[in-house]
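# Summary of structural features
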Amino acid sequence: MAIVARSSRITQRFRCWVALLVALPLSACGAFPAHQPEVQLLNIQPETVGLVAQTFMLSLKVSNPNDSALHAKAGEARLYVRWPRPPL
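Residues numbered from 1 in each chain as written. Predicted model: local features only at pLDDT ≥ 70, side-chain atom pairs only at ≥ 80, totals over all residues. Heavy atoms only, no water.

### Side note on the layout of surface pockets
When its volume is computed, the largest pocket comes out at roughly 160 Å³. Surrounding the largest pocket, P37, V39, L60, V62, L70, A72, A74, G75, E76 and A77 form its lining. Along the lines of polarity and charge, the residues of the lining of the largest pocket split into 8 nonpolar, 1 polar and 1 charged. (1 Å grid on protein atoms, 1.4 Å probe; cavity = no way out; pocket = protein on both sides within 12 Å on 5 of 7 lines; lining within 4 Å. Points joined across faces, edges and corners; volume = space filled by probe spheres on them. Nonpolar A, V, L, I, M, F, W, Y, C, P; charged D, E, K, R; others polar.)

Now the structure itself:
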């Protein structure tokens, strides 16, 4: 019985070390919060104008507030339009 008890202690210690090694890098990522890139609308120009649909060319400025480079192949931005414009 002593050998089985000793074996289970080694197994428990091994599991604790594995759990610690897995949890440590995951918790370290929380110490460095990543901020989302900021998107600003610089210019808007009409390209095609019809009765039912319009197409616009948008010029956007994308700023990365993080220290690391922004590796992206695609992105998504939402433009909310209020029409008619509220009175001043």
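### So, the confidence of the model for the protein chain
Detail in the predicted coordinates should be disregarded across regions flagged by low pLDDT. Looking at the protein chain as a whole, its pLDDT mean stands at 75, while 67% of the residues score no less than 70. Taken together, the stretch residues 1-5 has pLDDT below 50 and engages in 0 contacts with residues farther than four places along the chain or on a different chain. (pLDDT = per-residue confidence, 0-100. Contact = heavy atoms within 4.5 Å.)

### A few points about a nonpolar patch on the surface
A cluster of nonpolar side chains, namely V39, L41, I44, F56, L58, L60, V62, L70, L79, V81 and W83, defines an oily patch on the protein surface of about 1100 Å² accessible area. Counting residues per element, the nonpolar patch draws most heavily on strand β2 (residues 54-63), which supplies 4 residues. As for its position among the elements, I44 is in strand β1 (residues 38-49). Taking relative accessible area as the criterion, I44 reaches 41% and is therefore assigned partly exposed. (Patch = residues over 30% accessible without salt bridge, like charges linked within 9 Å, V, L, I, M, F, W, Y side chains within 5 Å. Areas by Shrake-Rupley, 256 points an atom, 1.4 Å probe, with all protein chains shown as cover. Salt bridge = Lys/Arg side-chain N within 4 Å of Asp/Glu carboxyl O. Helix = DSSP H or I, 4+ residues; strand = E, 2+ residues; numbered from the N terminus. Buried < 20%, exposed > 50% of the residue type's maximum accessible area, 1.4 Å probe, protein only.)

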